[in-house]
Structures are given as C-alpha cells and as structure tokens.
Amino acid sequence: MYKILLASRYLIKRRISYLAFLAVALCVFIVIVVMTVMIGLVSDFKEKNHSFAGDCVVGTDSLVGFAYYADFADEVAKLDFVESTSTVINTYGLINRSGTDVSRGVQIFGIDPKSHSLATGFGRTVHYHKDDISKVFVPAYDTNLPGCVLGIDMAMIRDLRGKYQFGQMPFNTKFSISCFPLTAKGALAKAGAGEINTKTFSYSDVSQSGLARIDSSLIYIPFEQAQLLCGMGGVDKRASRIHIKFKSDVRLGTGTNKVGALWRDYMRKNKDKAKANLFETVTVQTWKEHRRSFVAAMEKEQTVLTVMFSLVGITTVFIIFVVFYMIICHKSKDIGILKSIGVSNSGIIGLFSSFAVFLASLGSCMGVFGGWLFLRKINSIEDWLFARFGFQMWDRSIYAIGDIPNQIELRTVLVIIISAFAACLVGAIVPAWQGAKLRPVESLQVNQL
Amino acid sequence: MSNDKYILQAEGILKSYRMGAAELKVLKGVDFAIEKGEFVAIIGASGSGKSTLLHLLGALDKPDEGVVKFEGKEINWANGKELNRFRNKMVGFVFQFYHLLDELNVQENVYLPAMVSKSVLGWFSGSMVAKNRAKKLLCQLGLDERIGHKPYQLSGGERQRVAIARALMNEPKLLLADEPTGNLDSATGNGILEVFENLNRTGQTIVMVTHDEHIAARAGRIITLADGKVSSS
Ligand SMILES: Nc1ncnc2c1ncn2[C@@H]1O[C@H](COP(=O)(O)OP(=O)(O)OP(=O)(O)O)[C@@H](O)[C@H]1O
Ligand SMILES: [Mg+2]
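Before going into details, it helps to say that this report is about the structure given with it. None of the values given here were measured: they were computed from a predicted structure.

1. Notes on the overall build of chain B
Thinking step 1. A tally of helices and strands in chain B yields 7 helices and 10 strands.
Thinking step 2. Computed over the C-alpha atoms, the radius of gyration of chain B is 18 Å, within 12% of the 17 Å expected from 2.2 N^0.38 for a compact globule of 233 residues.
Thinking step 3. Across its three principal axes, chain B shows a C-alpha extent of roughly 45 × 40 × 40 Å.
Thinking step 4. Of all 233 residues assigned to chain B, the portion counted as buried reaches 55%.
Thinking step 5. Pairs at least 24 apart in sequence give 70% of the contacts found in chain B among residues at least 6 apart.
Thinking step 6. A total of about 10,300 Å² of accessible surface is found on chain B, and carbon and sulfur atoms cover 49% of it.

Written out as structure tokens, the structure reads:
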C-alpha cells in the first residue's frame, strides 16, 4: 500500500516526474513517427514493384525473346496454385510525338490489357479506363488507330504540389513508335533503308505505377502490335516474359520453384524444336529477383536507415534510462528512511518500478496517441506547410510518392512501447537496487547515489 | 550474559570509517547492556561517535566487529526479513536530522511504519486504527494543528516531534532517539522529556543521545562516551 501511496505522490508532487513523462511521450512519439514513415516508404516501394511484376516472372532479358511461350503459358495457367498469367513483349524503341521532331528512347511493353491486369497491378495504374481495362487501348480519337498507354510522366507534368491535372479525356495526340526488328538469331531483320518498323498509335491512357523509372520511360501497346514491331511474329512467334500471379495462399518461393520445375520439364520436352536454343536465356524468378536491381538498392538503403534509426532508438531509450536514473538517485535519502522503518529491498525496488511503470504507461499512451494523431494529419500538415510557406518535405516531381505513408504498424508500436517500458524499468531498478543494497545509514548519508 | 532482563547488549563494538588511506576509528570496543524499562542517556562530545553507536543499536548500520544483541539474540544481518521486522516493529528510531519524507504530510509520515507492515487489504481494514493512533501521538506532541502540513512547512523542532511520533507509531519495545531535544527551546524540550518520562513509566525502554548534561540528568542512567569507549556508566 505504501508503494502505491508513495509512487503516486512522487508522480504528482514532483515536477521532474512531469518532465520524465514528457520525455517518455516525446521519445515514443518521435520513434513511432519516424519508423512508420520509414517502414511505410520501403514497403510502399516494394509493394509497387510487386504490383508491377506480379508474383513470378518467367522470361528473358534478351531482346530476341523466346519461342513456344504460348504452350508453356497454357501449362502454367492450368497449375492449381496459379491465378492468372500474362505474356508480355519487352523491347526498346523510339517514340516521336506527331507534329514534333523530337524522338526519345522508350521501353515498350506489349501486353494484353485484360490478362496483364489480372496477373499484375496494371489495371489499377491507368487513369481513364480503370472500369473497363480491356478498352485501355481504344483511343478516344482516331479510333481506327491502336492505342498506347504512356508512363504518366511522359504524358503529364506534375504541378508544384506534385499532383497531376487530369482532363476529362486523354488529349488528342498521336505518337509514332519505331523499333528495330530482330531475327531469332539476334540479327537485324531487315537491312538497308527499311530496317526500322514504325507504327502510329493514338494516345489512349496513362499508367501511374508510382515507380519513377517506369513512369518516365515505359509505354504499353497491344501485344500483337509489339510483336510485329520488334520482329517476334511470324513462324515460331516469340515473347519476352510471362508474368504469373499465384493464388493468395501460395508461398512465393514454393510457387516459383514449382513453376521452375515445370519450365525445366517443358524445356526438356521441346529441346529438339528449331528455336529451342532461345530457352537458354530464360529464367524463372520471383518478383523480388526480377526487380532486384531496384529492390536491392532500396533494401541496402533500408539497412542503412535501420541502423541509423536503431541509433536514434537506442539514444532515446538511453535518455529515458538517464531521466529515471537521475530521479531515483536523488531519492537515496528516501530509500534510507524507508529502509530504517523496515521496508525490504524488494519493497524499495517495487516502489520505484511502480513509479516507472506508471510513468511509462502514461508516457507511451500519450506518445502513441500523439504519433497516431500526427501521422493521421501528416499529409494535411505538409499540404498546409506548402500552401503557407512553400515548404515541401520532398519534391514530388522527383519522388513518385503521392502521400507520406502513415499506416501505423501494430508490431512497430509494440516494439517501441516495450522498449520504452524496459528503459523506464531498468532506469528505475538499477539505482533503486543500488540504494536498497546499502545499509540505511549509508543511503541516508550519501544524499545522492 | 544473555539474560532475560537485558533488552539490548553491546559487546566489543568496533567501528571505523575509511577515508582513503586514513582510517578513522570512531568506536574502539564499546560494551554495555541496557535493561528492559530503563531510560538511558548517552552523552559525549560532538564527534565522539554517539550517532554512530545509536545507528548500530538500531540495526541501521553494521559494526566492523562485535555484536549487538536484542533480547539476548544477536542481530542477524544475513536474514533480511528478520532485520526488516526488527526495524519496523522492535525499535523506533528518531534521527538527529529528522529524515521525514517530503512528499507525505505530517500524519502520513507518522503512520507510514504501520502501513509498511500491512498488505493492501490489511491496510484497508486497519487504516482507521493507524490514522487515529497517528493523530493521537501528534496531539500528545502538540502538533494537532499541523496534521495536514508538509514537512517543509514545519520548523526544525516541529519536524523533530513528527519524527518522534513516527518512531512511536508501531509501539516499539525500544525507542532510540538521537538528540530529540537538540532543536527545541527548553520549554518544548521539557515537554518532550516529559513525554519520554511518561512513556518510561509505562515500561518503555528509551535510549537517548544528547550532549547536554542537564537533559541527560533526567534519564535514569548515563553512559558517557569518550575516546571511542564507554568511560562511565
Ligand atoms: N560516513 C562517514 N564517513 C566518515 N566519517 C564519518 C562518517 N560518519 C561519521 N563519521 C565520523 O565519525 C565521527 C563520529 O560521528 P558521529 O556522527 O557519530 O558523532 P556524534 O557523536 O553523533 O556527534 P554530534 O554530537 O555532533 O552529532 C565523526 O568524527 C564523524 O566525522
Ligand atoms: Mg550525532
């Protein structure tokens, strides 16, 4: 009982307790905000890459592609753990906006919009045809031309606030796209003046994947058009990749391994066919492996950031520890008095740990609440700062981030609260124990431990 | 010598303080015994080790050598539970510098020793008794107006009386008081001594430290401490 009485008195009557409470709340607040934003940015980036690639990718980086893809895609689609597949042509070419004489290099994806949006997140990235993705290549003007979907940064410029200004419809523009068709042997298919295939497309939609590289240099055109442009049509048609989406309960590694086994089997069965040599460049990868040059860089940064934020975390934990240590060190006289009237060592430790637990609970509640409130409003706060002072935390025209992530993860919160409690308790118990193990007269005399 | 009539025995007590290389020998073999119901004054010059000795008698500090026996039984420093019970129930200690808890008011400071020995439930049932006893003790010591005050609002003498009330709270068998009248005017000091004498009359054993021979004369027996030893008793 005396523990409750004294602990609550220490809490209420001493101004330093309020400071300690604020310190705990502030530390919890800062770490929650920082961790949430950081974890959010990383997982957002990964999620976007995952969405871009689907779960598993069978394909080649060679611009020649590989043949006999259709039968294999059918076999994969029949697997019980596969939800859908999308066959894609990947090539590079030049794009020229009609009426101008500026050409630039682009990456070209030939897709079937419907199956591609089933196998990847493509359907969610377009703007004008979200509701009926199969019509994404149907232009609003020049309906006799095939449509093309541009990476959003190729078609639009962000305003200062980082927002795109969409019109009612895609504006009326045509683009001509040129490719160098390659034979199955990798040679230019045509020679002389006509070595380039050029076709005109009508701008029909934009795609915003949220990945800066993709949004600024990738265009989508219908699969067959792409196949013809880059010379993969004709006998033994070729394609570049098959993107595969697994059913939701399938583990990434397991599914990919099974697809890999199926692929090796398929290669063996077809090894005598004319263009079987093209199989050699084909790999079966999870989306992470497929996008590793991007994701790995981010993960490296994440490691660095984690180390840095662990340092921040350790520092805050240490600050909390020091605050408690100092409070209790100044209470050595009280420890001596209590011991002289028969309070046990465990009683002393219990007293100061309940004090610490009180403060830790109040402080972390306050910190979590503050963090939650701040994160909920972080985007409006940033907008307000921008409107008022022209200040932007990061340039939206560089980072393809719409909003600052603010999804608080329960796990993060728990880890932070547990660390705060541990810091409070250790900071309280260490000096309490030091005081308790002294003889009463000793702790009365030292005045401070 | 372990006889029923002694409540407290000190045998061959040595205590020294180490300050770097130098060693300050404060007590150099103190022997005496105190009978139940006695009122004893320990006198000696400032720095002669009176407080040190009293701390040893109250098990607030441990002698370097020698033993302190309470009711014939040696104080066992290895048994924490017994030691705490002893400090809580058997002795009441009045410090020279009061040592009250700043966060508690006067009454709470006084009944704290009763609270310490009780569980939460025990306290709910027993708190009225304890609070009333605290109030009664404070009235006896002339502090009825001060019950709700904080220690820092009191004068030195008032604090000393609160400390005395706290020491008496658990009706200890032995009251150890270090300069209980040191900060009081002679009238109030006299009042305290009367309280002590009354307590002594009802059988309370009291050991009181003082440097004032007039005050010591009020006790039944005087032990003089000089040069780290008992010079007369
Ligand atoms: N913790 C300590 N470390 C070193 N020396 C100490 C310590 N405590 C007491 N002393 C020394 O021991 C001696 C006795 O101290 P003590 O407090 O017992 O004296 P006292 O007789 O009570 O004096 P007073 O009448 O002034 O209260 C003093 O010389 C003091 O300086
Ligand atoms: Mg003294």
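2. Considering the interface of chain B and chain A
Quoted interface sizes are often the accessible area lost when the parts come together.
Thinking step 1. In this complex, chain B contributes 26 residues to the contact, which on the side of chain A involves 24 residues.
Thinking step 2. For the chain B and chain A pair, buried surface summed over both sides reaches about 2,400 Å², with 66% attributable to carbon and sulfur atoms.
Thinking step 3. Taken together, chain B and chain A are joined by 4 salt bridges.
Thinking step 4. Between R439(A) and D61(B) there is a salt bridge whose closest N-O contact spans 3.1 Å.
Thinking step 5. On the surface where chain B and chain A come into contact, there are 7 residue pairs in polar contact (both at pLDDT 80 or more).
Thinking step 6. For the side of chain B that touches chain A, the secondary-structure elements that each account for two or more residues are α2 (80–90), α3 (106–116) and α4 (120–140) of chain B.
Thinking step 7. With 5 residues, α3(B) is the largest single contributor of residues to the side of chain B that touches chain A.
Thinking step 8. When its residues are assigned to classes, the side of chain B that touches chain A shows 12 nonpolar, 5 polar and 9 charged.

3. Brief notes about helix α3 (residues 69–78) of chain A
Thinking step 1. Those residues of α3(A) that sit buried are Y69(A), F72(A), A73(A) and V76(A). The buried residues of α3(A) occupy an angular sector of 100° when the element is viewed end-on, so they sit on one face.

4. Brief notes about the coordination of the magnesium ion (ligand 2)
All names here are of chain B.
Thinking step 1. Looking at the magnesium ion (ligand 2), the protein donor atoms are S51 (OG) and Q96 (OE1), and they sit 1.9 to 2.3 Å from it. With a gap of 45 residues between them, S51 in helix α1 (residues 50–57) and Q96 in the loop between β6 (91–94) and α3 connect regions that are remote in the sequence.
Thinking step 2. Relative accessible area serves as the criterion here: at 26%, Q96 is assigned to the partly exposed category.

5. Quick notes on the site of ligand 1
Thinking step 1. As a matter of local geometry, ligand 1 sits amid 15 residues, with S46(B), G47(B), K50(B), S51(B) and T52(B) nearest to it.
Thinking step 2. Residues near ligand 1 are shared among chains A and B, making this a multi-chain site.
Thinking step 3. Separating an oxygen atom of ligand 1 from a side-chain N or O atom of K50(B) is a distance of 2.7 Å.
Thinking step 4. One of the side-chain N or O atoms of S51(B) is found 2.6 Å from an oxygen atom in ligand 1.

6. Thoughts on unusual backbone geometry
Thinking step 1. Even without being glycine, D142(A) reaches a positive phi, approximately 50°.
Thinking step 2. Mapped onto the fold, D142(A) is located in the loop between α5 (122–125) and β5 (147–151).
Thinking step 3. Phi at D227(B) takes a positive value of approximately 55°, unusual for a residue other than glycine.
Thinking step 4. You can see D227(B) is positioned in the loop between β9 (221–226) and β10 (229–232).

7. Some details on the packing of aromatic side chains
Residues and elements named next belong to chain A.
Thinking step 1. Taken as a whole and assessed by the stated rule, the structure comprises 28 aromatic pairs over all chains.
Thinking step 2. Arranged with centres 5.7 Å apart and planes meeting at 80°, the rings of F66 and W263 form a pair that is edge-to-face. On the criterion of sequence distance, the pair formed by F66 in strand β2 (residues 66–67) and W263 in helix α9 (residues 252–269) is long-range, its members being 197 residues apart. The pair formed by F66 and W263 is uniform in burial state, with each residue classed as buried.
Thinking step 3. With 6.4 Å between their ring centres and 80° between their planes, F175 and Y203 make a pair best called edge-to-face. Of this pair, F175 sits in strand β6 (residues 174–179) while Y203 sits in strand β7 (residues 197–207), and the two are 28 residues apart along the sequence.
Thinking step 4. We classify F175 as buried; its relative accessible area is 7%.
Thinking step 5. The class for Y203 is buried, based on a relative accessible area of 1%.

8. Focus on the packing of helix α1 (residues 2–13) of chain A against α3(B)
Thinking step 1. The interhelical angle for the contact between α1(A) and α3(B), taken along N-to-C directions, is 140°, at an axis separation of 10 Å. Taken as axis vectors, α1(A) and α3(B) run oblique relative to one another. When α1(A) is examined against α3(B), the residues Y2(A), L5(A) and R9(A) are found in contact with a partner set consisting of E108(B), L112(B), M115(B) and V116(B).
Thinking step 2. Tallied by class, residues from the contact of α1(A) with α3(B) come to 5 nonpolar, no polar and 2 charged.

9. Description of the pairing of β6(A)
All names here are of chain A.
Thinking step 1. The buried fraction of β6 is high, at 5 of 6 residues.
Thinking step 2. Looking at chain direction, strand β3 (residues 82–97) and β6 are connected through 4 bridges and run antiparallel. The residue bridging N96 from the neighbouring strand is S176, located in β6.
Thinking step 3. Inspection of the sheet shows β6 paired to β7 by 6 bridges, in the antiparallel sense. Bridging from a neighbouring strand, S178 pairs with T198 of β7.

10. Digging into the packing of helix α2 (residues 15–53) of chain A against helix α11 (residues 292–329) of chain A
Residues and elements named next belong to chain A.
Thinking step 1. Two elements in contact, α2 and α11, have axes whose closest approach is 10 Å; the angle formed by their N-to-C orientations is 170°. Viewed along their axes, α2 and α11 adopt a mutual orientation that is roughly antiparallel.
Thinking step 2. Here the residues of the contact of α2 with α11 sort into 21 nonpolar, 4 polar and 2 charged.

About the cut-offs
- Residues numbered from 1 in each chain as written.
- Chains lettered and ligands numbered in written order.
- Predicted model: local features only at pLDDT ≥ 70, side-chain atom pairs only at ≥ 80, totals over all residues.
- Heavy atoms only, no water.
- Helix = DSSP H or I, 4+ residues; strand = E, 2+ residues; numbered from the N terminus.
- Rg over C-alpha atoms; globule rule 2.2 N^0.38 Å.
- Buried < 20%, exposed > 50% of the residue type's maximum accessible area, 1.4 Å probe, protein only.
- Contact = heavy atoms within 4.5 Å.
- Areas by Shrake-Rupley, 256 points an atom, 1.4 Å probe, with all protein chains shown as cover.
- Buried area = accessible area lost by both parts, 1.4 Å probe.
- Salt bridge = Lys/Arg side-chain N within 4 Å of Asp/Glu carboxyl O.
- Polar contact = N/O pair within 3.5 Å; in protein donor to acceptor, adjacent residues only side chain to side chain.
- Nonpolar A, V, L, I, M, F, W, Y, C, P; charged D, E, K, R; others polar.
- Arc of directions from axis to C-beta.
- Donors = N, O, S within 2.8 Å, 3.2 Å for Na, K, Ca; no water.
- Near = heavy atom within 4 Å.
- Phe/Tyr/Trp six-rings, centres within 6.5 Å; stacked < 30°, edge-to-face > 60°.
- Axes fitted to C-alpha atoms, helices over the stretch in contact; angles between N-to-C directions.
- Parallel < 35°, antiparallel > 145°, perpendicular 65-115°, else oblique.
- Pairing = 2+ DSSP bridges.

Keep in mind these values describe shape, not function.
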